[in-house]
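# Structural characterization, general
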Amino acid sequence: MYRLMDISLFPGITYAHLLEHMLFQGTEKYPSSDTFTSYLSEHAGKSNAHTAGEETVYYFDIMATHLKQILDIWCQFFICPLFNQEKTDLEIQAVDSENAKNLQVDVWRQNQLLRSRARPDHPFNQFGTGNKETLCAPKNLREILLDFHKKYYSPNIMKLVILGSEPLDKLEEWAREFFEPLPVNNNITSRPSIDPHPFTSPQLQKILRTVPVKDVEQMSLMWLLPSQDPLYHKKPANYLSHLIGHEAAGSILSLLKAKGWGNELSAGPYQPSSHFCLFKIDIDLTEDGLDHIEDIATIVFQYIDCIRKNGIQKWIFDETKSLDDIKFKFKNK
C-alpha cells in the first residue's frame, strides 16, 4: 500500500487519478502494458487501485508461490514508469468514462455538490475524479506526470505492506531487494498541510435541495468536526453515532416512525481528509416526512441537546466499545 498526497499541480486540475491509471501502462523494465495483469490472471491473481483526497492506494493478490515475481513487476510502477503519450490519451478516455458513469449515481452527485459548497480557495472544493475537460492534454503532459511521480512517489511518504507465506525475514529481504531502488525526494518529508476549515460562515447554515436520479426521499444533516485521526483510541464520533443511530424506544428513528415521517436512519463520521471530519445523519423519509423537514430537524437537534445535557455516560461508552470488539472479533477474514 502506498500513501501520498493527491495535490493539484495547477489550480482546479488533479493529475493524481490519471497518474494512477498510467502506472499500469508499462515500465522501463517491463514495457508491455499487459505484463502485470497477464501474470496475475495466469496465477489466480487480481489487482486494483484507487485515488482519494489524500492518498493513492495500489494492491493485488496472487498465488503464494508467485509472490516474488509479481513484486519484481509491480515495484517498477514506482521506480521507472514509461508514461507513453499514446497510452496517456487512452487513459484520459478511461478516466472520462469513469466520470461519465458516476454522473447518474446519486452518491457521486451529492459528493460533488458538497465539494462545490466548500470555500473556493480550499482543495476540497476541487473536482476530484477528472474528465477530458479538466485533463485536457498539454504538450508537456508527460513531463507533468513524471514531475508529479518524482515529487510524491517518494518512499519517505509512502507505506508498503507485503503479506505472504514466507518467513518474515524473507519478506523483509524481498522488500529491500525490490523497493530500496525507489528514488527518494528529500525535499518532501511529510504530507503537505491542508487548512482544516473547508467550510466557514458563508458556506454553513445552508439548506440544499436536490433532485435525485433514483426515486428516493432522503434528508441529510451535516456538521464540520475536527479530524478524528488523533482520537482513534477514544472514537468520540462513534459514541454519537451509537446514540443518534439507535433504533430502540426513545430514539430519533422510533419517533419518526411513530409519526410516519421516516423509515431508516444512519449516523456517523465521514472523513474525506485527515485534516477535518464531517458528521452526517441520513434519514430515509416517507412522502409525508418530506413535508416535515423542519420538524424532523428540530427533533434531531432536541435529541443532540439531550445528549449534551446528560453528558458522557461511561456505560454507553463501554457498550460501544463492546460492540466494536465483537465486530472486530467476528470480522470476515
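Residues numbered from 1 in each chain as written. Predicted model: local features only at pLDDT ≥ 70, side-chain atom pairs only at ≥ 80, totals over all residues. Heavy atoms only, no water.

## Some words on the overall build of the chain
Secondary structure assignment for the chain yields eleven helices and five strands. Over its C-alpha atoms, taken along the principal directions, the chain stretches across nearly 65 × 50 × 40 Å. A total of 333 residues make up the chain; the buried ones form 38% of that total. The long-range fraction of contacts in the chain, counting pairs at least 24 apart against all pairs at least 6 apart in sequence, stands at 74%. Of the roughly 19,600 Å² that the chain leaves accessible, carbon and sulfur atoms contribute 55%. For the chain, the separation between the mean place of its 35 positive charges and that of its 43 negative charges on side chains is 4 Å. (Helix = DSSP H or I, 4+ residues; strand = E, 2+ residues; numbered from the N terminus. Buried < 20%, exposed > 50% of the residue type's maximum accessible area, 1.4 Å probe, protein only. Contact = heavy atoms within 4.5 Å. Areas by Shrake-Rupley, 256 points an atom, 1.4 Å probe, with all protein chains shown as cover. Lys, Arg positive; Asp, Glu negative; His and termini not counted. Charge placed at Lys NZ, Arg CZ, Asp CG, Glu CD.)

## A few points about the packing of helix α8 (residues 236-244) against helix α11 (residues 314-329)
Orientation of α8 relative to α11, taken along the N-to-C sense of each, is 95°, at an axis distance of 10 Å. When the axes of α8 and α11 are compared, the pair comes out roughly perpendicular. Within the contact between the two elements, α8 uses Asn 238, Tyr 239, His 242 and Leu 243 and α11 uses Ile 316, Phe 317, Glu 319, Thr 320, Leu 323 and Asp 324. Along the lines of polarity and charge, the residues of the contact of α8 with α11 split into five nonpolar, three polar and two charged. (Axes fitted to C-alpha atoms, helices over the stretch in contact; angles between N-to-C directions. Parallel < 35°, antiparallel > 145°, perpendicular 65-115°, else oblique. Nonpolar A, V, L, I, M, F, W, Y, C, P; charged D, E, K, R; others polar.)

## A closer look at the pattern of salt bridges
Tallied over the entire structure, the rule returns twelve salt bridges. Between Asp 305 and Lys 309 there is a salt bridge whose closest N-O contact spans 3.2 Å. Of this pair, Asp 305 and Lys 309 both sit in helix α10 (residues 293-310), four residues apart, which is roughly one turn of the helix. Among the residues examined, Lys 309 registers a relative accessible area of 68% and is labelled exposed. The structure contains a network of salt bridges with shared partners spanning Arg 119, Asp 121 and Asp 195. (Salt bridge = Lys/Arg side-chain N within 4 Å of Asp/Glu carboxyl O.)

## Notes on the pairing of strand β5 (residues 276-285)
Most of β5 is tucked away: eight of the ten residues are buried. In the sheet, strand β3 (residues 218-226) pairs with β5 via nine bridges, with the strands oriented antiparallel. Residue pairing across strands places Met 222 opposite Lys 280, the latter belonging to β5. Bridging between strand β4 (residues 262-273) and β5 involves nine bridges; their strand directions are antiparallel. (Pairing = 2+ DSSP bridges.)

## Section: the side chain of Ser 241
Tracing the chain through its elements places Ser 241 in helix α8. For Ser 241, a relative accessible area of 13% puts it in the buried group. What Ser 241 contacts, discounting residues up to four positions off in sequence, is His 246, Ala 267, Gly 268, Pro 269 and Phe 279.

## Topic: the packing of helix α3 (residues 67-79) against helix α7 (residues 168-179)
Remark: α3 packs on α7, axes separated minimally by 9 Å, with the N-to-C direction vectors making an angle of 35°. The way α3 lies across α7 gives a crossing that is right-handed. Along the contact surface, α3 presents Leu 67, Lys 68, Leu 71, Asp 72, Trp 74, Cys 75, Phe 78 and Ile 79, while α7 presents Leu 171, Trp 174, Glu 177, Phe 178 and Phe 179. Of the residues belonging to the contact of α3 with α7, the class tally is ten nonpolar, no polar and three charged. (Left-handed = near helix turned anticlockwise from the far one by under 90°.)

## Description of the packing of aromatic side chains
In the structure shown here, the tally under the stated rule is 17 aromatic pairs. For the ring pair Phe 24 and Phe 36, a centre distance of 6.0 Å and an interplane angle of 55° mean the geometry is tilted. In this pair, Phe 24 is assigned in the loop between α1 (16-22) and α2 (35-42) and Phe 36 in helix α2, connecting sequence segments twelve residues apart. Classification of Phe 24 by relative accessible area gives buried; the value is 17%. Phe 36 sits in the buried class, given a relative accessible area of 3%. Pairing Trp 223 with Phe 301 gives two aromatic rings, centres 5.7 Å apart and planes at 70°, and the pair type is edge-to-face. Taken together, the positions of Trp 223 in strand β3 and Phe 301 in helix α10 put the pair 78 residues apart, joining distant regions of the chain. In this structure Phe 301 comes out as partly exposed when scored by relative accessible area, which is 44%. Aromatic ring contacts, followed pair by pair, group Phe 24, Phe 36, Tyr 58, Phe 60, Trp 74, Phe 77, Phe 78, Tyr 153 and Phe 179 into a single cluster. (Phe/Tyr/Trp six-rings, centres within 6.5 Å; stacked < 30°, edge-to-face > 60°.)

## Some remarks on the sheet that holds β4
Taken together, the three strands give an open sheet; going across it, the order is β3-β5-β4, and neighbouring strands pair in antiparallel fashion. Bordering the open sheet on either side are β3 and β4, each of which pairs with just one other strand. Averaged over all adjacent pairs, the angle separating strand axes in this sheet is 15°, with direction ignored. Together, β4 and β5 form the strand contacts of α8, whose direction differs from that of β4 by roughly 170°.

## Structural notes on the confidence of the model for the chain
As a note on interpretation, predicted positions should not be read in detail where pLDDT is low. Here the chain averages 90 in pLDDT, while 95% of its residues score no lower than 70. Mean pLDDT in the chain bottoms out at helix α6 (residues 141-152), which sits at 88, and peaks at helix α9 (residues 252-259), which reaches 98. Per-residue pLDDT stays below 50 along residues 1-13; that stretch engages in 54 contacts with residues further than four places along the chain or on separate chains. (pLDDT = per-residue confidence, 0-100.)

## Overview of α10
In this model α10 runs 26 Å from its N-terminal to its C-terminal C-alpha over 18 residues, within 8% of the 26 Å that 1.5 Å per residue would give. Where the residues of α10 are buried, they touch β3, α8, α9 and β5. Backbone geometry just downstream of α10 places Gly 311 in the positive-phi region, at approximately 75°. (Expected span 1.5 Å × (residues − 1).)

## Some points on a negative patch on the surface
Together, Asp 215, Glu 287, Asp 288 and Asp 291 line one region of the surface with negative charge. On the secondary structure map, Asp 215 appears in the loop between α7 and β3. (Patch = residues over 30% accessible without salt bridge, like charges linked within 9 Å, V, L, I, M, F, W, Y side chains within 5 Å.)

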